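Reading the structure
What follows is each chain in one-letter form.
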Amino acid sequence: MQHTPIIYGLYDPRTSPSEIRYIGFTSKGQKRRLFEHHAGAFAHPDSHRAHWLLKLQREGIKATLVVLEEIEDGVDWQERERFWIQEFREGGGKSHERD
């Protein structure tokens, strides 16, 4: 099954989606990518992102994925990902991108 490529953010569901902690790209589908983040936190627990995800899991919570942009054919997704990271950093976000 082919999924629409997206730029997405992860946030604590107890907060607002404007408080995104991670921004990424996927063409795998939202559910699969979210599962990979949670599973990957156990496999590679040394990043800020993993610490945050594991903390949420210890509290019985899972991060929520929000679609920021659907990527159309021919669009440079890496450029759009950088745009969104910058957008949230300038807005005071706590993105752990690239950790």
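Each remark here, short or long, concerns the structure printed above.
Conventions used here
- Residues numbered from 1 in each chain as written.
- Predicted model: local features only at pLDDT ≥ 70, side-chain atom pairs only at ≥ 80, totals over all residues.
- Heavy atoms only, no water.
- Buried < 20%, exposed > 50% of the residue type's maximum accessible area, 1.4 Å probe, protein only.
- Helix = DSSP H or I, 4+ residues; strand = E, 2+ residues; numbered from the N terminus.
- Pairing = 2+ DSSP bridges.
- Axes fitted to C-alpha atoms, helices over the stretch in contact; angles between N-to-C directions.
- Contact = heavy atoms within 4.5 Å.
- Core = buried A, V, L, I, M, F, W, Y, C linked by side-chain atoms within 4.5 Å.
- Parallel < 35°, antiparallel > 145°, perpendicular 65-115°, else oblique.

**Notes on the pairing of strand β2 (residues 22-26)**
Across the five residues of β2, four count as buried, placing the element largely inside the fold. Bridge analysis of strand β1 (residues 6-11) against β2 gives five bridges, and the strand direction is antiparallel. Across the sheet, the residue bridging to L10 is Y22, located in β2.

**Quick notes on the pairing of β1**
In terms of burial, β1 is a largely internal element, six of the six residues being buried. Side chains I6, Y8 and L10 of β1 all project onto a buried face; the interleaved residues I7, G9 and Y11 project onto the opposite face, where all are buried too. Two strands pair when backbone bridges link them, and β1 and strand β3 (residues 64-70) are joined in this way by six bridges, in the antiparallel orientation. Note on β3: the bridge partner recorded for I7 is E69.

**Some words on the sheet that holds β2**
The three strands lie next to each other as β2-β1-β3, forming an open sheet whose pairing is antiparallel. Edge positions in the open sheet fall to β2 and β3, since each of these has one partner strand only. With strand direction ignored, the average angle separating the axes of adjacent strands in the sheet is 30 degrees.

**A word on helix α2 (residues 48-58)**
An α-helical turn contains 3.6 residues, so any two residues separated by three or four positions project in the same direction. Among all positions in α2, only R49, A50, W52, L53, L54 and L56 are buried. Elements that come into contact with the buried residues of α2 comprise β1, β2 and α1 (30-43). G60 occupies a position one or two residues after α2 and carries a positive phi of about 80 degrees.

**Section: the environment of Y22**
For Y22, the position within the fold is in strand β2. With 15 residues separating them in the primary sequence, Y22 and H37 have C-alpha atoms 10 Å apart.

**Here we look at the nonpolar core**
Counting 14 residues, the largest nonpolar core has Y8, L10, W52, A63 and L65 as the members making the most contacts within it. A total of five residues in this core trace back to one element, the largest contributor, which is α2. The residues touching Y8, leaving out its near neighbours within four places in the chain, are Y22, I23, G24, F25, T26, R33, H37, L65, V66, V67 and L68.

**Notes on the packing of α1 against α2**
At a closest axis distance of 9 Å, the pairing of α1 and α2 adopts a crossing angle of 105 degrees. Relative to α2, the element α1 lies roughly perpendicular. For the pair α1 and α2, contact is made by H37, H38, A41 and F42 and by R49, A50, L53, L54 and Q57, respectively.

By themselves, these are just geometric observations and shouldn't be taken as functional.
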